[in-house]
Amino acid sequence: AILAQAPASAPAPAPAPGPAAAEAAPPSTDGEDLTVIKGLGPKLASLLNSLGITTYAQIAAWDDAEIDRIDSQLDRFAGRIRRDNWVEQAKLLTSGDESAFSDKFGQNG
C-alpha cells in the first residue's frame with residue numbers, strides 16, 4: 001500500500017514549480033521593471049516587490065525615513081539605495097526623461 005501511494009504523491013510536486021516560477025516573474029509583470037534602476041538586480045526587485053514596492057514613483061517618493069525603513073529590510077543589500085541613487089534614478093524614470101537618465105546613469109544593458 002505504501003508503494004501504491006508513492007506514485008500518487010509524485011504528481012503533487014509537479015505543480016509546485018509553476019507557482020515558484022510565477023513568484024520569480026513579478027519584477028517585470030507586477031508594476032514596472034525595477035531592474036532598470038542601476039544597482040537594483042532581480043533579487044532586490046523581488047525583495048522590493050514582496051514589500052509592496054512595484055513602481056518607480058514609489059521609490060521616487062521616498063524620503064530619508066522611508067529609505068532607512070526599506071534599507072533596514074534589505075539585509076546584505078543594505079546601503080544600496082543611497083549608494084546607487086535609486087531615488088534620483090526613479091525620479092528620472094518616472095518623469096519619462098530617458099535621455100537624462102542615460103546621460104547620468106548610462107545605457108541600460
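The following refers to the structure shown. (Residues numbered from 1 in each chain as written. Predicted model: local features only at pLDDT ≥ 70, side-chain atom pairs only at ≥ 80, totals over all residues. Heavy atoms only, no water.)

So, on to the overall build of the protein. The helix and strand inventory of the protein stands at nine helices and zero strands. Sequence-ordered secondary structure for the protein, helices as α and strands as β, is α-α-α-α-α-α-α-α-α. Sorting the 109 residues of the protein into buried and exposed places 27% on the buried side. A separation threshold of at least 6 residues defines the contact pool for the protein, and within that pool the share at least 24 residues apart is 44%. (Helix = DSSP H or I, 4+ residues; strand = E, 2+ residues; numbered from the N terminus. Buried < 20%, exposed > 50% of the residue type's maximum accessible area, 1.4 Å probe, protein only. Contact = heavy atoms within 4.5 Å.)

Another aspect to go through is helix H8 (residues 86-95). Taken residue by residue, H8 has Trp86, Val87, Gln89, Ala90, Leu92 and Leu93 as its buried positions. Contact partners of the buried residues in H8: helix H4 (42-50), helix H5 (56-60), helix H6 (64-71), helix H7 (80-83) and helix H9 (98-105). One or two steps after H8, the chain reaches glycine 96, where phi turns positive at roughly 80°.

By the burial criterion, the buried members of H6 are Ile67, Ile70 and Asp71. Each buried residue of H6 sits inside an arc of 100° when the element is viewed along its axis, so together they form one side. Elements in contact with the buried residues of H6: H4, H7 and H8. (Arc of directions from axis to C-beta.)

On to the environment of glutamate 32, then. Tracing the backbone through its elements, the reader meets glutamate 32 in the loop between helix H3 (26-29) and H4. Exposure remark for glutamate 32: the relative accessible area of 30% places this residue in the partly exposed category. In this structure, the C-alpha to C-alpha distance between glutamate 32 and threonine 55, residues 23 residues apart in sequence, is 5.2 Å. A polar contact of 2.6 Å, which involves the side chain of glutamate 32, links it to the backbone nitrogen of tyrosine 56. (Polar contact = N/O pair within 3.5 Å; in protein donor to acceptor, adjacent residues only side chain to side chain.)

Under the defined criterion, the tally for this structure stands at one aromatic pair. Consider the rings of phenylalanine 101 and phenylalanine 105, whose centres lie 5.5 Å apart with planes at 40°: the pair is tilted. Within this pair, phenylalanine 101 and its partner phenylalanine 105 are both found in helix H9, separated by four residues, close to a single helical turn. (Phe/Tyr/Trp six-rings, centres within 6.5 Å; stacked < 30°, edge-to-face > 60°.)

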